[in-house]
Amino acid sequence: MGNTILKSCVWIAVVAIGALALSGRAAEYPCETHARMQPSRQSPEWLRRGVIYQFKTANFTPEGTIRSAQARLGYLADLGVNVVYTIPVFMMDDDNDPRYGGDRLLKIGLAKSPYRIKDFFHVDPAFGTDQDLRSFVAEAHRLGLKVIMDVVYLHAGCGARVFKDYPATGRRRADGSLRPGTWKFPVFDYTNPATREYFLTNLTYLQIDYGVDGFRCDVGTAVPLDFWCDGRKRLEALRPGDIALLCEGFEPNTQVTAFDADYGWFRGENVFSKGESANERIRRYWEAVEHESTKGAKFIRHYENHDLAVQIRPRREATWGAAFTEQVLAWMFFSDGVPMLFSGNEIADTSDSQAWAGRRFIDWSQAEAEPGRSRLEYVKRLIELRKTRRELTDGCGRLYQIWLDTSLPDDVTAFVRRSDAGKMLLVVQNWRDRTLEADVSFANTKESMPDWLKEEDDPDLTVRGSVGNPLLVRRASFAGNGRFRLEGYGTFVAELQNDDVRYNLQGFGKKKDGATRTDFVAGRVE
């Protein structure tokens, strides 16, 4: 009886919020303006300064259930992440009609897919119960973790209840049958207000009933942007300033109103190709995306996720090796955006444990042997630095990440991260497996852009200071006069200081008369 009353109250709230949200429509959303001229929305601090951890419930534990995943939340809290992101756990469609993708699933040994949903409101028995999900979220919150869930609003299974209860929500052929879209799954018709209202109601239901803190929106850019803007309004009415929306995809204006961050990995998933020019693959890619995006746009920095861990064989960790992978991890955590670990990255997992078909799961004993033991400690150190250094989390884009030229641009990258208070960190990375000596030019390159895109209130981005206390030094050293010696995949990260505390070959943070000093102002070396 109590549960019925609670749900009645929930739906009264949903209807009231819906009426309020529909008072504004797509015309108010700045979808046609030049992206560079728009600021990105202000996101919750827990996301801006956070670290995301993604897992697939079926592969996270031997049991493959929500309840068993809840038992590992303490491990994630100890790791230091603050955001847990799960792929869908809602009722999967078991209708394997070959016209709608069923044959494709059966070919890979999969009877059902979490991304081919039958019921958008209730948990699939394979993963547990609705109450299990509520308990999972409550325990995460008790441990200080936020929970983001995957929502799939582009398509569904052909046996989805929404197509039976509201036939007009699906796109139809002339004969009235469902029209298959990408992956042959039936797609929804967003020209129909009923479709929009159904999924806006679903969003608010998931937040109210299960208590989740945000959503990762599957194939987000394939669903009309104004729908997500309406979704944002509904959710903000429930929890102002405390809901996160992540978009799988990249379009320049998604972060003005609707989304807090984009994946942005479609064009960049091969950025970290071994042997390629670091300057072109990493720096130029970052600059190209930044120039297309809204001011301060955030991207989820990761090298693996639930798709890539299944599709790429051998897995990237196995192909790259531990040292190169850890260089990528360093870039994820020191570059702007929000780093995301996929389950097992923190213990150097290279197994087939993430396959969709079969009962496979991560072997967590890898954390007790090399390279898993060292990797776990390294990831914890990266997370600790992100938590404690405002230079890494105060903002994103060209105002907060300043690229520097190096004498070996194809091999060594360098940039500076700055805080709102003007403090700076220097990051130098060797992307080759051999020892190199590279000079870093501390005269940051002035970006070229039309005058009409420049803003008068931009802060002074002149890089100032001397190489101060190192924060992370791996197979690297500062030789003075702007020169760094980096062994294979070496990394050097240090504060920039304006006092006489130096780092030199004799040690860290020693005051020493006549110590080599690099003056960063205007690229002058003393």
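If you're wondering where the values come from, they're calculated on a predicted model, not measured in any experiment.

Draft legend 1. Looking closely at the overall build of the protein. If you tally the helices and strands in the protein, you get 15 helices and 18 strands. Across the protein, every contact between residues at least 6 apart in sequence was considered, and the portion connecting residues at least 24 apart equals 75%. Approximately 20,900 Å² of the protein is accessible, and the part contributed by carbon and sulfur atoms is 52%.

Draft legend 2. A look at the packing of helix α14 (residues 322–334) against helix α15 (residues 372–388). Close contact between α14 and α15 brings their axes to 10 Å; oriented N to C, the two are set at 15 degrees. As judged from the angle between their axes, α14 and α15 are roughly parallel. The two elements α14 and α15 cross, and the hand of that crossing is right-handed. Residue-level inspection shows A322, T325, E326, L329, A330, F333 and F334 of α14 in contact with α15, the latter providing R375, Y378, V379, L382, I383, L385 and R386. Taken together, the residues that form the contact of α14 with α15 break down as ten nonpolar, one polar and three charged.

Draft legend 3. Looking closely at the packing of aromatic side chains. As enumerated under the stated definition, the model contains 32 aromatic pairs in all. Just above the ring of W364 sits the side chain of R72; from NZ or CZ to the centre is 4.1 Å. Directly above the aromatic system of Y378 lies the positively charged group of R474, at a separation of 3.8 Å from the ring centroid.

Draft legend 4. Structural detail: the side chain of N59. Along the chain, N59 turns up in helix α3 (residues 57–60). Take N59: its relative accessible area is 2%, and that puts it in the buried class. One polar contact links the side chain of N59 to the main-chain carbonyl oxygen of R360, over a distance of 2.9 Å. Apart from the residues within four sequence positions on either side, N59 is in contact with S353, Q354, A355, R360, F361 and I362.

Draft legend 5. Geometry of the pattern of salt bridges. Going through the model one piece at a time under the given rule, you end up with 40 salt bridges. R232 is the salt-bridge partner of D260, the closest N and O atoms lying 2.4 Å from each other. Of this pair, D260 sits in the loop between β7 (244–247) and β8 (261–262) while R232 sits in helix α10 (residues 225–238); the two residues are 28 residues apart in sequence, bridging distant segments of the chain. Of the residues examined, R232 reaches a relative accessible area of 3% and is grouped as buried. We note a salt bridge from R474 to E326, for which the minimum N-O separation is 2.4 Å. Of this pair, R474 sits in strand β15 (residues 466–480) while E326 sits in helix α14, and the two are 148 residues apart along the sequence. Each of R41, R232, E236 and D260 takes part in one network of salt bridges that share partners.

Draft legend 6. Structural detail: the confidence of the model for the protein. Mean pLDDT over the protein: 86, with 83% of residues reaching 70 or higher. A low-confidence stretch, residues 499–526 stays under pLDDT 50, and its non-local contacts, those more than four residues away or across chains, total 64 contacts.

Draft legend 7. Local environment of the nonpolar core. Counting residues in each nonpolar core, the largest one holds 104 residues, and the members touching the most others are F120, Y153 and F334. Considering every element that reaches this core, the biggest residue donor is α14, with eight residues. Setting aside residues up to four positions removed in sequence, Y153 forms contacts with F120, F188, Y190, F199, N202, L203, L206, V223, F227 and W228. Among the nonpolar cores identified, the runner-up in size contains 24 residues, and L436, A438, V440 and F478 belong to it.

Draft legend 8. A look at the side chain of S177. One can find S177 in the loop between α8 (161–165) and α9 (193–210). With relative accessibility at 15%, the residue S177 sits in the buried group. Beyond its immediate stretch of four places on either side in the chain, S177 contacts Y100, R171 and R172.

Draft legend 9. Spatial organisation of the sheet that holds β8. Overall, parallel pairing links the eight strands, which are arranged β8-β7-β6-β5-β2-β1-β10-β9 in an open sheet. Only two strands of the sheet have a single neighbouring strand rather than two, namely β8 and β9 (300–301). Looking at chain direction, strand β1 (residues 52–55) and strand β10 (residues 338–342) are connected through three bridges and run parallel. Within β10, the residue paired with Y53 across the bridge is L341. Packing of α10 onto the sheet brings it into contact with β5 (146–151), β6 (214–217) and β7, and relative to β7 it is tilted by some 160 degrees.

Draft legend 10. Local environment of α10. Its 14 residues place the ends of α10 20 Å apart at the C-alpha level, agreeing with the 20 Å of an ideal helix rising 1.5 Å per residue. Along α10, ten of the 14 residues are buried, which leaves the element largely enclosed by surrounding structure. The complete set of buried residues in α10 reads D226, F227, W228, C229, D230, G231, R232, R234, L235 and E236.

Draft legend 11. Structural context of the state of the cysteines. Taken as a whole and judged by the stated rule, the model has zero disulfides. Not part of a disulfide, C217 finds its nearest cysteine sulfur in C247, a span of 6.7 Å. The exposure class of C247 is buried, given its relative accessible area of 0%.

Draft legend 12. Region of the structure containing unusual backbone geometry. E370 connects to P371 through a cis peptide bond whose omega is 5 degrees. Of note in the backbone geometry, V219 takes a positive phi value of approximately 45 degrees without being a glycine. Inspection of the secondary structure puts V219 in the loop between β6 and α10. Accessibility expressed as a relative area gives 17% for V219, which makes it buried. Phi at Y489 is positive, roughly 55 degrees, even though this residue is not glycine. Looking at the secondary structure, you find Y489 in strand β16 (residues 483–497).

Each value, and the rule that gives it
- Residues numbered from 1 in each chain as written.
- Predicted model: local features only at pLDDT ≥ 70, side-chain atom pairs only at ≥ 80, totals over all residues.
- Heavy atoms only, no water.
- Helix = DSSP H or I, 4+ residues; strand = E, 2+ residues; numbered from the N terminus.
- Contact = heavy atoms within 4.5 Å.
- Areas by Shrake-Rupley, 256 points an atom, 1.4 Å probe, with all protein chains shown as cover.
- Axes fitted to C-alpha atoms, helices over the stretch in contact; angles between N-to-C directions.
- Parallel < 35°, antiparallel > 145°, perpendicular 65-115°, else oblique.
- Left-handed = near helix turned anticlockwise from the far one by under 90°.
- Nonpolar A, V, L, I, M, F, W, Y, C, P; charged D, E, K, R; others polar.
- Phe/Tyr/Trp six-rings, centres within 6.5 Å; stacked < 30°, edge-to-face > 60°.
- Lys NZ or Arg CZ within 6 Å of the ring centre and 35° of its normal.
- Buried < 20%, exposed > 50% of the residue type's maximum accessible area, 1.4 Å probe, protein only.
- Polar contact = N/O pair within 3.5 Å; in protein donor to acceptor, adjacent residues only side chain to side chain.
- Salt bridge = Lys/Arg side-chain N within 4 Å of Asp/Glu carboxyl O.
- pLDDT = per-residue confidence, 0-100.
- Core = buried A, V, L, I, M, F, W, Y, C linked by side-chain atoms within 4.5 Å.
- Pairing = 2+ DSSP bridges.
- Expected span 1.5 Å × (residues − 1).
- Disulfide = S-S within 2.5 Å.

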